[in-house]
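Each chain, written out:
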Amino acid sequence: MGPQRGELLRQELEISTFEDLLYHFPYRYFDRTKLTRIGDINSGTEYAQVAGTLININEEGTGRKKRLVATLYDDSGRIDLLWFQGAQWMAKNLKENERYIVFGKVSLYSGYYNIAHPEIELLNSETAAAGMQPVYSTTEKLKIKGITNRSFARLTAALFERLHAADIVEIFPDELLRRYKLCSRYAAFRWLHFPDTDEHERLARHRLKWEELFISQLMIARLRLQHTAQPGLRFEKVGDNFNDFFSKHLPFELTNAQKRVLREIRQDTGTGKQMNRLLQGDVGSGKTIVAVMSMLLALDNGYQACIMAPTEILAQQHFLGISALLADMGITVKLLTGNVKGKARKEILQELANGTLRIAVGTHALIEESVQFSNLGLAVIDEQHRFGVGQRARLWKKNDVPPHVLVMTATPIPRTLAMTLYGDLDVSNIDELPPGRKEIKTVHRRDAARAGVMEFVRKEVDKGRQAYIVYPLIEESEKMDYESLMAGYEQVKIWFNENKYRIAMVHGRQEVAERERNMQRFVKGEADVLVATTVIEVGVNVPNASVMVIESAERFGLSQMHQLRGRVGRGADQSYCVLLTGNKISDDSYKRIKIMESTTNGFKIAEHDLEMRGPGDMYGTKQSGVLKFRLADIVQDSAILDQTRVAAQALIAQDPGLTAPQHYGIRQMLLMQGRQSHWGKIS
Ligand code: ADP
Ligand code: MG
C-alpha cells in the first residue's frame, strides 16, 4: 500500500503495522452459498444476503434530501436498495443490468422491503470464490479512496502469503494448549481471517477470546499479589470505641450478615496487609452501620478514618446520621465537601493534619491534594460505582503505608463483571435485609391511569406517610427534561391541594443550599411529597416514605429504577413503587418494567441489566478501558472467563514472576498490554 493510503489507514483505523492488520478482524464472513431468495424475505428477516440483477438506478430528491434508489431482482422477487449518503459516488459506480451480491439490514417501508446502505459488490470470479470470505469494517473516508471491505480481504490475504507459522509465535506452553484444547496462535489468526470451515472459525475465535480473557485475569492476579506483598497497617485489637458502641449505642440488633461482614473486616485488617474489600449489599441492607463500626475499629488502633460519598446530599446525610450515632460517645465527626470553605475548611484541614479530628465525612473533596491526614487507617468509599477507578487510587497516596479500603456498593455487580472489574478485591455480601421489612409492591401504570395513581398516593399520605415523585432528568442541562419536571411540579400542586399537603422539590439546577434545604424538609417530615429528579437516587434514607412514583419510567435504566425504588420500603409500613409510563413504549422498556415488577432482588436485576445493556455502558467502565475486549464478551463468554480465571491463578501461584522459560511469551504479552491500558492505576 502506498504512503498516502497507508497514512489514511493509520488515521482512520489506527492500522500501521502488520500486527494491527492481523488484529483488524472480520466482523462477518460472506459465504456465496448462503443466499436468501428475495421472495423469501419476510417480517422476520433481520439481515439478508441476496444476489440478483440491478435495475432502475435513480437519484431522487434534491439538495440535502438527495438519495439514490435502485432495484435488485432475482427470479423470486425484487427489493429496493437505498443510499442517503454518498449517493453520487454510488451512482457513478453502480452499473445497471449487472449481477450483484448484496448484504444488509432489511426494513419495511410503506409495504415494501428495502435495504438501506447495503454492502454491495459485483458478482464476478473473485466474489464467486469458494469458502467463506471475510468482511471487514472500513470507514466512509477509506471507501472513497477505494479501500473497501474487500480491499482488506486482499491486504490480509497478501499478508498471510508472506507470513509463516513461525512469524506468529505461540505464547502459551504446550501443556496449557492441550489442557484447554486451544489451537495454535498462528492457526487462530489465519482461521479467523480465512476460515476454511465453520469449525475452524469457531476454534480460532475461541482461542483468541481465551487469550484476551486470560491476559486480563493474569493482570488481576498480579495486582492482587501486589496488594498482598506490600506491608499494610495492622489493627491489632478491638478496643473501647468499638465495644462501647456495640454494647451501649447500637440502635438495633445487627443482622447475621452484618455481623459476618464485620468479622471479615476485622480479620482482614488484622493481618498486617492492606485490606481491599468490596462490600455489596442491596439498597437498605444496612451498610452504613458496618462502615461506622469499621471506622471505630480504626480509631481503637490509633488511626483516623474517613467515609466518602459521591454527592453532597449523601455526604450531608452520612454526616448527620453518623454524628448522631456517635454523639453520646463524645466522638466528633466533621464534614468536608466542596461547600465547606474559608475558616471552617481551614480548621478541618488543620485538624486532619494534626490528628485531632478522627472521623471525616465528605465527598471527592476528601481526596484533593490539599487534604492531608495525620494517620489515615481506613477509607470507606460509599456507592463506588459513582467513583472513577482513578479516584480510588488517589486515596492510597494519603499515607506512606496505604490505608485499608472498604468500597461499598448498592448496585450489585454481576459475578462476571466483578471478576473482571474488581477481581483484585475481596468481596463481602450483606445478603439479608434487616428484619420486619415488607416486600415493596411494584406496579406498572400508563399515563391514562394517572388520576388513579395520584388518588392512591394521596390516600397513603393521608395515613401519615411520605411520597416521592421522580422525573427523569438525565442531563441537568436538558431543557425538555427541565420543562417537564416543572410542568410535573405544577401538576402535582394541583393533584395535591397545596393548602393541605406540603410539597417540596429538589433538582440539579437548584443552588446547592436550596436543594439541601428542600431535601431536609422532606427528611424531617416537614414535606409530604417530594418532587425530584434522580439527584435523590443513591442512599437517601427517609424510613417514613412509603411511595415511590417514577414518571416516564420507560426512560430509566434497570439499575436506576432499582436504586430509586430502594428509597422506600425502609420502614415497617407496606411500601409501593408505581412505574408510570406513556401509553406506548418500546419492547425494551416494557421488558425492563416487567423485570422490575417481577423482582426486588438487586442481584437479579443487575444480571438482567448487564444482559440488556452490555458491560461497556455500566459502572462508568467505558472510559476506564478495563473492559475493552476485541473479541470476548464477558456475558456470553462467561464460561471462558471462569476457565481463564482458574488458569491465571494457578499460573501465578506456580510462577509469580513468570520467569520460567516456557512463560516468556505470556510475560511479554502482559508487559505490552500493561503499557497500553490503565491497569496500573486501578484499585
Ligand atoms: P444501605 O445499605 O442502603 O446504605 P443503610 O445503612 O442506609 O442502608 O440502612 C438502611 C436503614 O436500615 C437505616 O434506617 C438503618 O438504620 C436501618 N438498619 C440498618 N441495619 C439494621 C438492623 N440490623 N436492624 C434494623 N434496622 C437496621
Ligand atoms: Mg447507603
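Scroll up to find the structure this text is about.
As the structure is a prediction and not an experimental result, all values here were calculated from the model.

**Q** Could you clarify how one ought to interpret the nonpolar core in this entry?
**A** Inside soluble globular proteins, nonpolar side chains tend to come together where they are buried. Counting 81 residues, the largest nonpolar core has Phe172, Phe189, Trp210, Phe214, Leu218 and Leu336 as the members making the most contacts within it. Per element, the largest residue contribution to this core is 9 residues, and it comes from helix H8 (residues 198-229). Setting aside anything within four residues of it in sequence, one finds phenylalanine 214 in contact with Phe172, Leu176, Thr644, Ala647, Ala648, Leu651 and Ile666. Within the second largest apolar cluster, 42 residues are counted, among which are Phe242, Leu254, Ala315 and Val361.

**Q** How should I be thinking about the site of ligand 1 in this particular structure?
**A** Glu253, Gly284, Lys287, Thr288 and Arg437 are the nearest of the 16 residues found near ligand 1. One nitrogen or oxygen atom from the main chain of glutamate 253 is found 2.8 Å from a nitrogen atom belonging to ligand 1. Here an oxygen atom of ligand 1 and a side-chain polar atom of threonine 288 are 2.6 Å apart. Protein burial of ligand 1: of its 570 Å² of free accessible surface, 83% is covered by the chains.

**Q** Can you walk me through helix H10 (residues 256-269) in this structure?
**A** Residues that lie three or four places apart on an α-helix share one face, since the helix turns once every 3.6 residues. The end-to-end C-alpha distance of H10, which contains 14 residues, comes to 20 Å, matching closely the 20 Å that a straight helix rising 1.5 Å per residue would cover. Where H10 is concerned, the buried positions are Ala257, Gln258, Val261, Leu262, Ile265, Asp268 and Thr269. Each buried residue of H10 sits inside an arc of 135 degrees when the element is viewed along its axis, so together they form one side. Set apart from the buried face of H10 by more than 90 degrees, the exposed residues are Asn256 and Gln267.

**Q** Teacher, can you tell me more about the pairing of strand S6 (residues 112-116) here?
**A** Remember that side chains alternate between the two faces of the sheet whenever the strand is regular. Here 3 bridges tie strand S4 (residues 77-83) to S6, and the two strands are oriented parallel to one another. Residue pairing in the sheet places aspartate 80 in a bridge with asparagine 114 of S6. Across 4 bridges, strand S5 (residues 99-109) lies against S6 in antiparallel orientation. Residue pairing for S6: tyrosine 109 is matched across the bridge by tyrosine 112. The antiparallel pairing of S5 with S6 creates a hairpin that spans 2 residues between the two strands, and serine 110 there sits at a positive phi of about 35 degrees.

**Q** How should the side chain of lysine 493 be read in this particular structure?
**A** As for its position among the elements, lysine 493 is in helix H17 (residues 479-495). Judged by relative accessible area, lysine 493 falls into the buried class, the value being 19%. Contact partners of lysine 493, with chain neighbours within four places excluded, come to Glu498 and Ile503.

**Q** Even after reading the chapter, I still don't get the environment of aspartate 74, so can you show me in this structure?
**A** Looking at the element boundaries, aspartate 74 is found in strand S3 (residues 67-74). What makes aspartate 74 buried here is its relative accessible area of 17%. For the pair aspartate 74 and valine 50, spaced 24 residues apart in sequence, the C-alpha separation works out to 8.5 Å. Not counting the four nearest positions on each side in its chain, aspartate 74 is found in contact with Thr36, Arg37, Ile38 and Ala51. Within the structure, aspartate 74 has its side chain in polar contact with the backbone nitrogen of isoleucine 38 (distance 3.0 Å).

**Q** In this structure, what is going on with the sheet that holds strand S13 (residues 376-381)? I would like to understand it.
**A** Strand order in the open sheet formed by 7 strands is S11-S12-S10-S13-S14-S9-S15, and the pairing between neighbours is parallel. The open sheet is flanked by strand S11 (333-336) and strand S15 (426-430), the only strands paired with a single partner. Each strand axis lies, on average, 20 degrees off the axis of its neighbour in the sheet, ignoring direction. Pairing between strand S9 (residues 276-281) and strand S14 (residues 404-409): 5 bridges, direction parallel. Its bridge partner lying in S14, arginine 277 is registered against leucine 406. Each of S9, strand S10 (304-308), strand S12 (359-362), S13, S14 and S15 is contacted by helix H11 (residues 287-300), which is oriented at about 155 degrees to S10, the strand it contacts most.

**Q** What is the right way to read helix H12 (residues 312-327) from this model?
**A** Counted at 1.5 Å a residue, the expected span for H12 with its 16 residues is 22 Å, and the 22 Å between its end C-alpha atoms agrees. Along H12, the residues that are buried comprise Glu312, Ile313, Leu314, Ala315, Gln316, Gln317, His318, Ile322, Ser323, Leu325 and Leu326. Tucked inside the fold, the buried residues of H12 contact helix H9 (240-249), H11, S10, S11, S12 and helix H18 (512-523).

**Q** Got a minute to help me understand unusual backbone geometry in this structure?
**A** Glycine aside, the phi torsion of most residues is negative, and most peptide linkages are trans. The phi angle at glutamate 14 is positive, at roughly 55 degrees, despite the residue not being glycine. Structurally, glutamate 14 is set in the loop between helix H1 (3-13) and helix H2 (18-23). Here glutamate 14 falls in the exposed class, since its relative accessible area comes to 65%. A positive phi is found at asparagine 56, a non-glycine position, where the angle reads about 50 degrees. Mapped onto the fold, asparagine 56 is located in strand S2 (residues 47-60).

**Q** Which parts of the structure should I look at to understand the side chain of histidine 507?
**A** Of note, histidine 507 is situated in the loop between strand S18 (503-506) and H18. In this structure the side chain of histidine 507 is engaged in a polar contact, spanning 3.1 Å, whose partner is the backbone nitrogen of arginine 509. Beyond its immediate stretch of four places on either side in the chain, histidine 507 contacts Tyr482, Leu485, Met486, Arg515, Thr533 and Val535.

**Q** Explanation requested: the pattern of salt bridges in the structure shown.
**A** Side-chain pairs of opposite charge can arise where the charged atoms are in close proximity. Considering all chains together, one arrives at 31 salt bridges under this definition. When the shortest N-O distance is used, the salt bridge between glutamate 170 and arginine 207 registers 2.7 Å. With glutamate 170 in the loop between helix H5 (149-162) and helix H6 (174-179) and arginine 207 in helix H8, this pair connects stretches of sequence that are 37 residues apart. With relative accessibility at 0%, the residue arginine 207 sits in the buried group. Among the salt bridges present, the one from aspartate 244 reaches lysine 248, with a minimum N-O distance of 3.7 Å. Taken as a pair, aspartate 244 and lysine 248 lie in helix H9 at a separation of 4 residues, close to a single helical turn.

**Q** Explanation requested: the sheet that holds S18 in the structure shown.
**A** Picture the strands of a sheet paired through backbone hydrogen bonds; they go either parallel or antiparallel. Spatial ordering of the open sheet is given by S16-S21-S20-S17-S19-S18, a layout of 6 strands whose pairing is parallel. Either end of the sheet is taken by a strand with one partner, and the two such strands are strand S16 (441-446) and S18. With strand direction ignored, the average angle separating the axes of adjacent strands in the sheet is 20 degrees. Pairing geometry for S18 and strand S19 (residues 529-532), over 4 bridges, is parallel.

How each quantity is defined
- Residues numbered from 1 in each chain as written.
- Chains lettered and ligands numbered in written order.
- Predicted model: local features only at pLDDT ≥ 70, side-chain atom pairs only at ≥ 80, totals over all residues.
- Heavy atoms only, no water.
- Core = buried A, V, L, I, M, F, W, Y, C linked by side-chain atoms within 4.5 Å.
- Buried < 20%, exposed > 50% of the residue type's maximum accessible area, 1.4 Å probe, protein only.
- Helix = DSSP H or I, 4+ residues; strand = E, 2+ residues; numbered from the N terminus.
- Contact = heavy atoms within 4.5 Å.
- Near = heavy atom within 4 Å.
- Polar contact = N/O pair within 3.5 Å; in protein donor to acceptor, adjacent residues only side chain to side chain.
- Areas by Shrake-Rupley, 256 points an atom, 1.4 Å probe, with all protein chains shown as cover.
- Expected span 1.5 Å × (residues − 1).
- Arc of directions from axis to C-beta.
- Pairing = 2+ DSSP bridges.
- Axes fitted to C-alpha atoms, helices over the stretch in contact; angles between N-to-C directions.
- Salt bridge = Lys/Arg side-chain N within 4 Å of Asp/Glu carboxyl O.

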